[in-house]
Amino acid sequence: MAYCVYILRCRGDRLYTGITTDVTRRFSEHRDSPRGAKFTRAFPPESIAAAWEVDSKSDALKLEARIKRLTRAQKNALIGQNAMDAFEDPAYRRTV
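Quick caveat, the model's predicted, so the values are computed rather than measured.

**Student:** Explain the pattern of salt bridges to me, please; I cannot follow it from the model alone.
**Tutor:** Oppositely charged side chains are able to pair whenever their charged atoms sit close together. Per the stated rule, a full pass over the model turns up 5 salt bridges. A salt bridge links arginine 72 to aspartate 13, with the shortest nitrogen-to-oxygen separation between them at 2.9 Å. Taken together, the residues span a long stretch of sequence, with arginine 72 in helix H4 (residues 72-80) and aspartate 13 in the loop between strand S1 (3-10) and strand S2 (14-20) at a distance of 59 residues. Taking the shortest distance from any N to any O, the salt bridge between glutamate 29 and arginine 26 comes out at 2.9 Å. Linking glutamate 29 with arginine 26, this pair stays in helix H1 (residues 23-32), spanning 3 residues, or about one helical turn.

**Student:** How should helix H3 (residues 57-68) be read in this particular structure?
**Tutor:** Three or four residues apart is the spacing at which side chains of an α-helix point the same way, because the helix has 3.6 residues per turn. Between its terminal C-alpha atoms H3 stretches 16 Å, which fits the 16 Å expected from 12 residues at 1.5 Å a residue. Restricting attention to buried positions, one finds in H3 the residues Ala60, Leu63, Glu64 and Ile67. All buried residues of H3 lie within an arc of 105° about the axis, which places them on one face of the element. Residues of H3 that are buried in the fold lie against S1, S2, strand S3 (45-54) and H4.

About the criteria used
- Residues numbered from 1 in each chain as written.
- Predicted model: local features only at pLDDT ≥ 70, side-chain atom pairs only at ≥ 80, totals over all residues.
- Heavy atoms only, no water.
- Salt bridge = Lys/Arg side-chain N within 4 Å of Asp/Glu carboxyl O.
- Helix = DSSP H or I, 4+ residues; strand = E, 2+ residues; numbered from the N terminus.
- Expected span 1.5 Å × (residues − 1).
- Buried < 20%, exposed > 50% of the residue type's maximum accessible area, 1.4 Å probe, protein only.
- Arc of directions from axis to C-beta.
- Contact = heavy atoms within 4.5 Å.

See below:
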């Protein structure tokens, strides 16, 4: 089963990063159900800004942690890129 790391653009131009096996389903959960994160209940998501597919949950957790350590400017730059060049790792495949 492939995992995805995703970044959501939320109300107030805030960014939220998470992992899932189905980005579309998780986006809907964040928007429409109580299964969304506490953050996205306070700042509802408006769009999926970026998503990357990885091979394992372990890799997804590691990538999520790396992204969460980035500054806002670095995250915006990462969203604007067509590939995962910032991490120079071919294991991360951009899907959105």
